[in-house]
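Now for the letters of each chain:
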Amino acid sequence: MMKISKFFEFVYLAAAVFFLYEAVNIWNTERNKAYLFLLFVFIAVFMFFFRRHFRNKYQNRNK
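The structure presented is a predicted model; accordingly, all values stated were derived computationally and were not measured. (Residues numbered from 1 in each chain as written. Predicted model: local features only at pLDDT ≥ 70, side-chain atom pairs only at ≥ 80, totals over all residues. Heavy atoms only, no water.)

So, about the overall build of the chain. Of regular secondary structure, the chain possesses two helices and zero strands. In terms of overall size, the chain is more extended than a compact globule, its C-alpha atoms giving a radius of gyration of 15 Å where 63 residues would be expected to give roughly 11 Å. Considered along the principal axes of its C-alpha atoms, the chain spans approximately 50 × 15 × 10 Å. Expressed as a percentage of its 63 residues, the buried residues of the chain come to 17%. Of the contacts formed within the chain by residues at least 6 apart in sequence, a portion of 57% connects residues at least 24 apart. Surface summary for the chain: the accessible area is close to 5200 Å², and the carbon and sulfur share equals 68%. (Helix = DSSP H or I, 4+ residues; strand = E, 2+ residues; numbered from the N terminus. Rg over C-alpha atoms; globule rule 2.2 N^0.38 Å. Buried < 20%, exposed > 50% of the residue type's maximum accessible area, 1.4 Å probe, protein only. Contact = heavy atoms within 4.5 Å. Areas by Shrake-Rupley, 256 points an atom, 1.4 Å probe, with all protein chains shown as cover.)

Another aspect to go through is a nonpolar patch on the surface. A surface patch of nonpolar side chains, about 760 Å² in accessible area, is lined by Leu36, Leu39, Phe40, Phe42, Ile43, Phe46, Phe50 and Phe54. Looking at the secondary structure, you find Phe50 in helix H2 (residues 31-61). (Patch = residues over 30% accessible without salt bridge, like charges linked within 9 Å, V, L, I, M, F, W, Y side chains within 5 Å. Salt bridge = Lys/Arg side-chain N within 4 Å of Asp/Glu carboxyl O.)

What follows deals with H2. If you check H2, its first and last C-alpha atoms are 45 Å apart, about what 31 residues at 1.5 Å a residue would give, namely 45 Å. Restricting attention to buried positions, one finds in H2 the residues Ala34, Phe37, Val41, Ala44, Phe48 and Arg55. (Expected span 1.5 Å × (residues − 1).)

So, about the packing of aromatic side chains. Summed over the entire model, instances satisfying the criterion amount to ten aromatic pairs. Their ring planes at 55 degrees and their centres at 5.7 Å tell us that Phe10 and Phe48 sit as a pair that is tilted. Remark: Phe48 occurs in helix H2 and Phe10 occurs in helix H1 (residues 2-25); sequence separation between them is 38 residues. Phe10 gets classed as partly exposed once you look at its relative accessible area, which sits at 45%. Three or more aromatic residues link up through ring pairs in this structure, and these residues are Phe18, Phe19, Phe37 and Phe40. (Phe/Tyr/Trp six-rings, centres within 6.5 Å; stacked < 30°, edge-to-face > 60°.)

Encoded structure:
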């Protein structure tokens, strides 16, 4: 179960990298859409650290 949780943490980081790439690519043509992608980057990075914090908290509780 923990390996799956750890895997999905890194899926959030991969999504953040993808959204950042898309935001940079469309920055000059569609600025509003680029801002939306930057919002997704922020959310994905936040979710990575949020999930990581609670996974570590859960692991430390079981020790």
